[in-house]
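# Results of the structural survey
What follows is the residue order along each chain.
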Amino acid sequence: MPSKHATETARRRTFAIISHPDAGKTTVTEKLLLYGGAIQLAGTVKGRKAARHATSDWMELEKERGISVTSSVMQFPYKDCIVNLLDTPGHQDFSEDTYRTLTAVDSALMVIDVAKGVEERTIKLMEVCRLRDTPIMTFINKLDREGREPIDLLDEVERVLGIACAPVTWPIGMGKRFKGVYHLARDAVHLFSPTHGGKVQQGEIIQGLDNPRLDEVLGTQAAELREELELVMGASHSFDAEAYLAGQQTPVFFGSAINNFGIQELLDDFVVYAPAPRSRATQSREILPAEESFSGFVFKIQANMDPQHRDRIAFMRICSGTFRKGAKLRHVRIARDVRIADALTFMASEREHAEEAYPGDIIGLHNHGTIRIGDTFTEGEALAFTGIPNFAPELFRRAQLRDPLKMKQLQKGLQQLCEEGATQLFKPLTNNDLILGAVGILQFDVVAHRLRHEYNVDASFETVNVQTARWVSCADERKLEEFREKAAANLSIDHGGDLVYIAPTRVNLQMAQERWPEITFSATREHG
Ligand code: G4P
């Protein structure tokens, strides 16, 4: 008989949704929770957002800007599986966060708007998925509206994203003529009914494409469907589970998330075909989820999730072994053992204390400043998971304080917010500036807002003469020391304590690189 560890691991499905803003990611998430039984009535995710909004000003900013800046984790059971859905921020300024979240999943769901097709953000996210051959399912959304021809959309996905498409369901009409979907493998039509009252959509199921009942309810659309399907089956790939798992083919589903339609088909096939936890690379060896010894890595840190507790949570993806409450784990980077008494799990409805967790699960650790993004925890082995980078920021601003007496709070606030990884803090060696680096301009607003509301510090960000940054290292200690002395005016220490070259111009950087060939200038920093 398989061990509990093996059984629990095999039923985990850990994934994220990738999409262009507005395609319907939030709505699909909500409907997955509805079908997963985690919520009873659709409308609650937005409702919850509103409720939280009352207690968190950060959410207020989200609402003002119409963007989602938090990444949360939701766990819910579906059939025999435990599904972990990792939410990713949709706005492009937070793409690093999304990037790192995608390192913690085993598969992804791509949501596409039927009227808009493949959009720019989808292309970028797909590139990230491709780096690790992440298996991808596709949901084409908003079939209750007029959109592009389904066959053209599949063609576009294949052409633009370079992945073969295998339709699993096929839509019957769209917009006002949208009647439902046909499941190719099950040879069954699921009829659409636009009234659902926020509840799970039941709708009639008609077995068999030749069933006369189909002509009865669809009229002329039944013949159209049969004709179209003949064409589709001739022209497209049939679903191949292996090609899907290798990231070479995406099964495609159609539906209307807002109407709870097409989600059930998606979820039913998702739990069957989506991969259970996969193995992960470390600097020394491959870690298999079946290994009994515990290992996991931190892919995200979030400060002040609950403003009443002013906590900082490190999100850890479990890669092997079983986590048990009170476990003693090795924090590899700082070579220290810590007892984890109060890790959190993220059930869809609330945060709860974790008693046990398995590969694929995400647990939240309380962070008091010692945990960084990319950190590995094990039961003793000195492992380091790879592929969780920080990128060199492209925008820089100097923090300017309105009240000089608040310097301590400012430093603390910046330090803690930068641990989250969306922004990075640089302290020059030769002056007392606090320079913030980010990939997107909106992040400065977010930091200013959060400093005000979470740390009671009024700060603004002014332009500073820095154009780019590189982490520096050198195998030769003496050479590094010499560089540190000679180039001190351009050097700074980041919030993780690493040495960084901050260049006023790209030409300056280039000259420094030519002058110091022994020094490595890196545009990414692995391990937080
Ligand atoms: P996002 O997280 O990907 O940004 O998308 P979100 O779910 O917020 O959906 C974006 C808009 O598309 C929302 O409308 C949402 O109601 C709508 N939408 C989602 N699924 C469907 C669908 O199946 N059919 C149709 N017709 N619309 C859909 P909104 O007006 O921006 O917001 P709201 O006022 O409805 O909340």
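- By the naming in an unreviewed UniProt entry, the chain goes by Peptide chain release factor 3 and is assigned to Ectothiorhodosinus mongolicus.
- Looking at the Subcellular location (unreviewed entry) heading of the UniProt record, one finds this comment for the chain: "Cytoplasm".
- Looking at the chain in UniProt, the text filed under Sequence similarities (unreviewed entry) is "Belongs to the TRAFAC class translation factor GTPase superfamily. Classic translation factor GTPase family. PrfC subfamily."

## Remarks on the overall build of the chain
- When helices and strands are tallied, the chain shows 15 helices and 33 strands.
- Each of the 528 residues in the chain was classed as buried or not, and the buried ones make up 56%.
- Expressed as a percentage of contacts within the chain between residues at least 6 apart in sequence, the contacts between residues at least 24 apart total 71%.
- Approximately 22600 Å² of the chain is accessible, and the part contributed by carbon and sulfur atoms is 50%.

## Details of the pattern of salt bridges
- In the structure shown here, the tally under the stated rule is 32 salt bridges.
- The closest approach of N and O atoms between Asp106 and Arg317, which form a salt bridge, is 2.9 Å. With Asp106 in the loop between helix H5 (95-103) and strand S4 (107-113) and Arg317 in strand S15 (residues 312-320), this residue pair connects regions lying 211 residues apart in the sequence.
- By relative accessible area, which is 1% here, Asp106 ends up buried.
- The exposure class assigned to Arg317 is buried, which follows from its relative accessible area of 0%.
- With a shortest N-O distance of 3.6 Å, Lys124 and Glu120 are connected by a salt bridge. Taken as a pair, Lys124 and Glu120 lie in helix H6 (residues 120-131) at a separation of 4 residues, close to a single helical turn.
- We classify Lys124 as partly exposed; its relative accessible area is 43%.
- Glu120 gets classed as partly exposed once you look at its relative accessible area, which sits at 44%.
- Connected via shared salt-bridge partners are Glu8, Arg11, Arg12 and Asp361.

## Considerations on the sheet that holds strand S2 (residues 73-78)
- Read from one edge of the open sheet, 7 strands run S2-S3-S1-S4-S5-S11-S6, paired in mixed fashion. The sheet is open, and its two edges are formed by S2 and strand S6 (164-167), each paired on a single side. The mean inter-strand angle of the sheet, taken between neighbouring strand axes irrespective of direction, is 30°.
- Examined bridge by bridge, strand S1 (residues 12-19) and strand S3 (residues 81-86) share 5 bridges and lie parallel to one another. Counted as the bridge partner of Thr14 is Asn84 from S3.
- Packing of helix H2 (residues 25-35) onto the sheet brings it into contact with S1, S2, S3, S4 and strand S5 (136-141), and relative to S1 it is tilted by some 155°.

Quick notes on the rules
- Residues numbered from 1 in each chain as written.
- Predicted model: local features only at pLDDT ≥ 70, side-chain atom pairs only at ≥ 80, totals over all residues.
- Heavy atoms only, no water.
- UniProt positions renumbered as here; feature names shortened; annotations may be inferred.
- Helix = DSSP H or I, 4+ residues; strand = E, 2+ residues; numbered from the N terminus.
- Buried < 20%, exposed > 50% of the residue type's maximum accessible area, 1.4 Å probe, protein only.
- Contact = heavy atoms within 4.5 Å.
- Areas by Shrake-Rupley, 256 points an atom, 1.4 Å probe, with all protein chains shown as cover.
- Salt bridge = Lys/Arg side-chain N within 4 Å of Asp/Glu carboxyl O.
- Pairing = 2+ DSSP bridges.
- Axes fitted to C-alpha atoms, helices over the stretch in contact; angles between N-to-C directions.

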